[in-house]
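Observations on chain architecture
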Amino acid sequence: MSKRIAVIGLGNSLRRDDGIGVNILESLLNNYKRSGIDYLNFGIAGFDLVHRLGNYDAALLIDGIDSGLAVGELKIFSLEQVSFVKEEAAVSSHELNLKDIFRLTCDLGIKAKIYVAGIQVQDVGFGESLSVALKDNLEEITKQIDNFIGTLLVSK
Amino acid sequence: MTKSLSKIDPQNVKVDVHYLTRVEGHGNIVVDVKEGKLAKCEFQVIESPRFFESMLVGRSIWEAQHLTSRICGICACGHSLASIKAGEDALGIKPSDEVAMLRKLLLYTEMLDSHILHIYILVAPDLLGVKSVVPLIKTHRPVIDMALRMKRMSDYAGEILAGRHIHPISYVIGGLTQLPSREGLEKLYSLMLESRKDGEETVKIVRTLKFPEFQRPTQYMSLTSDEEYAMYDGDLTVNGKRSKVSDYRQLFMESVVDYSRAKISRINGKSYAVGALSRFNNNFEKLHKKAKAAAKELGLKAPCHNPYLNTAAQLVEWVHCLEESIAILEKVLKDGLKEEKVVVSSWPKRSEIGKIKYKANTGIGCVEVPRGSLFHEYTIDDSAHITAANCVIPTNQNMGNLEDDMRKIVPELLGKKTQEEITLSLEMLARAYDPCISCATHLLDIKFV
């Protein structure tokens, strides 16, 4: 049976760079769509991730990060590689933060290997357009993320 | 949980909950009792969602739904439907009965989704004496599995009915962009039938939980209708007195306070409540008989003046919405959906937007969302572009009522409870309203190790 993989875009596209995950998801769908992958726009949903992740062997969450990198820099990591600085660093969903979501998935025995493609953001104020640095890098970031998705398909 | 601690000096108490947890967005609770007098009692909202209104100005009315469905991850369908109704009111469009029925179904499934999240994930930890849902996985695994099963059902509903499980795309002004698939509707029907036993089990569980005792009668506002338990349509009612939705600006007044970014709403100069408990109090007789039976089992009677029991009212509404959804699905599966009655055919082409002339007008849409009555009002010019927008969200409406509850409960607790117990009581009170403070940004602030 082939590996079940989800690529999930997170973020609020009404809050500028916060929507980068959703923007990249759209870009992947339009330019790099691969068969055998579920591309899901989760927007600002949070808790629903818990039971959705149970459907997959691996999931890549695409999201904005604030980690002191250069604006537009991409970092792909598994969750064991990071610690969350703020308790509330989170997908919205009533303050059930991403850290809790991952703890829930672990405690529930959900086996999906979870990766995050994090993109350093600049401005998460209200608005619909990405900051220039992100917009300029969008194609390159999308390409790099798609390359990583390719490695997920071949890895065991 | 903090019984070993000594009681506090009731003359001087400070409560400062900086960032209340298990609510959407950021809010603080600040209480200060000096020499026995309540000097300060505030629920401070420190972020504002109202920028969305300015984002709507200048946009075509045909785009409004897609923008507003992204205001909230929890009430995305409610914002969408209030927006659509406001747009239709402004444009003079009347949707078919079939479309109205499908909209009610969508609204019911959002209630199912949000209410079960609130009951099990946000409130149950308080009543079971733990910090969050995470420890409950070890101690109450079958219950958590059931809660997730109930969430999955309503999650699937959004996907089938609205094109995706969050931020609906297929419900638009005039109708739907596509028919939901029969296969999907059949599966949803089957999942809902299976959910009945989970609902019954949840009533049994919630019946055993002890909610704090507190009473404060207030003004309860909701939609009401002679036909049904109103959620999608109706008049506004406040303790039996009806008004037209179009008169909402005359009914309640919003004002600004210096410590909070949320406006405080008042009716006749007094705070009021919206949400499940208000709907339950105003419209009890219209509930489905199974929901009435659930209320009886829970010991919940209308009128109920204990805001902590908003959670119990949510469970009663869960039962109601499940039964109403099942009834709609039975009708749809029996009669089928006629494409010409449901799918929109009169939308302007993209190239025509801005060129077709319309009557400059104002439209208002109101629906009940999980936390209460939600209003969208748009003024459009003759090219159907929005020139003014006003969105009144339930959480803002509840803020004044929550503060009045706090003002009554704090003196009642002084001398009887520890500082920690008073703090927890106030946190639980705020969470009972299920506040949805903002559409939070969800940026990850992380450190690589």
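Residues numbered from 1 in each chain as written. Chains lettered and ligands numbered in written order. Predicted model: local features only at pLDDT ≥ 70, side-chain atom pairs only at ≥ 80, totals over all residues.

**Re unusual backbone geometry**
Residue Pro303(B) is bonded to the preceding Ala302(B) through a cis peptide linkage, with omega at 0°. Even without being glycine, Arg16(A) reaches a positive phi, approximately 40°. Positive phi, close to 45°, is recorded for Asn239(B), a residue that is not glycine. Turning to its location among the elements, Asn239(B) is positioned in the loop between strand E7 (235-238) and strand E8 (241-243). (Helix = DSSP H or I, 4+ residues; strand = E, 2+ residues; numbered from the N terminus.)

**Examining the nonpolar core**
Grouped together as the largest cluster of nonpolar side chains are 169 residues, with contacts concentrated most on Ile8(A), Ile62(A), Leu315(B) and Val316(B). With 16 residues, the single largest contributor to this core is helix H4 (residues 97-127) of chain B. Sequence-distant contacts of Leu315(B), that is, excluding residues within four places in its chain, are made with His115(B), Ile119(B), Thr202(B), Val203(B), Val206(B), Ala294(B) and Leu298(B). (Core = buried A, V, L, I, M, F, W, Y, C linked by C-beta atoms within 7 Å. Buried ≥ 20, exposed ≤ 12 C-beta atoms within 10 Å, placed from the backbone. Contact = placed C-beta atoms within 7 Å.)

**Examining the sheet that holds E7(B)**
Residue and element names in this part refer to chain B. Reading across the sheet, the four strands line up as E8-E7-E6-E11 and stay open at both edges, with mixed pairing between neighbours. Edge positions in the open sheet fall to E8 and strand E11 (272-273), since each of these has one partner strand only. With four bridges connecting them, strand E6 (residues 219-224) and E7 associate as antiparallel partners. Note on E7: the bridge partner recorded for methionine 221 is valine 238. (Pairing = 2+ DSSP bridges.)

**With respect to helix H9 (residues 276-283) of chain B**
All names here are of chain B. Most of H9 sits inside the fold, with eight of its eight residues counted as buried. Along H9, the positions that sit buried rather than exposed are Ala276, Leu277, Ser278, Arg279, Phe280, Asn281, Asn282 and Asn283. Structurally, H9 contributes buried residues whose contacts are with E6, E7, E11, helix H11 (310-335), strand E12 (361-369) and strand E13 (372-380).

**Description of the sheet that holds strand E14 (residues 386-392) of chain B**
All names here are of chain B. With respect to topology, three strands assemble into an open sheet ordered E12-E13-E14, the strand pairing being antiparallel. On the outer flanks of this sheet lie E12 and E14, each paired with one strand and no other. Across the sheet, the mean angle from the axis of one strand to that of its neighbour is 10°, orientation sign disregarded. Two elements, E12 and E13, share nine bridges in a ladder whose sense is antiparallel. Residue pairing in the sheet places glycine 365 in a bridge with histidine 376 of E13. (Axes fitted to C-alpha atoms, helices over the stretch in contact; angles between N-to-C directions.)

**Quick notes on the packing of H9(B) against H11(B)**
Residue and element names in this part refer to chain B. H11 packs onto H9 with a crossing angle of 65° between their chain directions and a minimal axis gap of 8 Å. Judged on the interaxial angle alone, H11 and H9 are roughly perpendicular. The handedness of the crossing between H9 and H11 is left-handed. The residues of H11 that touch H9, namely those facing Ala276, Leu277, Arg279 and Phe280, are Asn310, Ala313, Gln314, Val316 and Glu317. (Parallel < 35°, antiparallel > 145°, perpendicular 65-115°, else oblique. Left-handed = near helix turned anticlockwise from the far one by under 90°.)

Just geometry here; none of it tells us what the structure is for.
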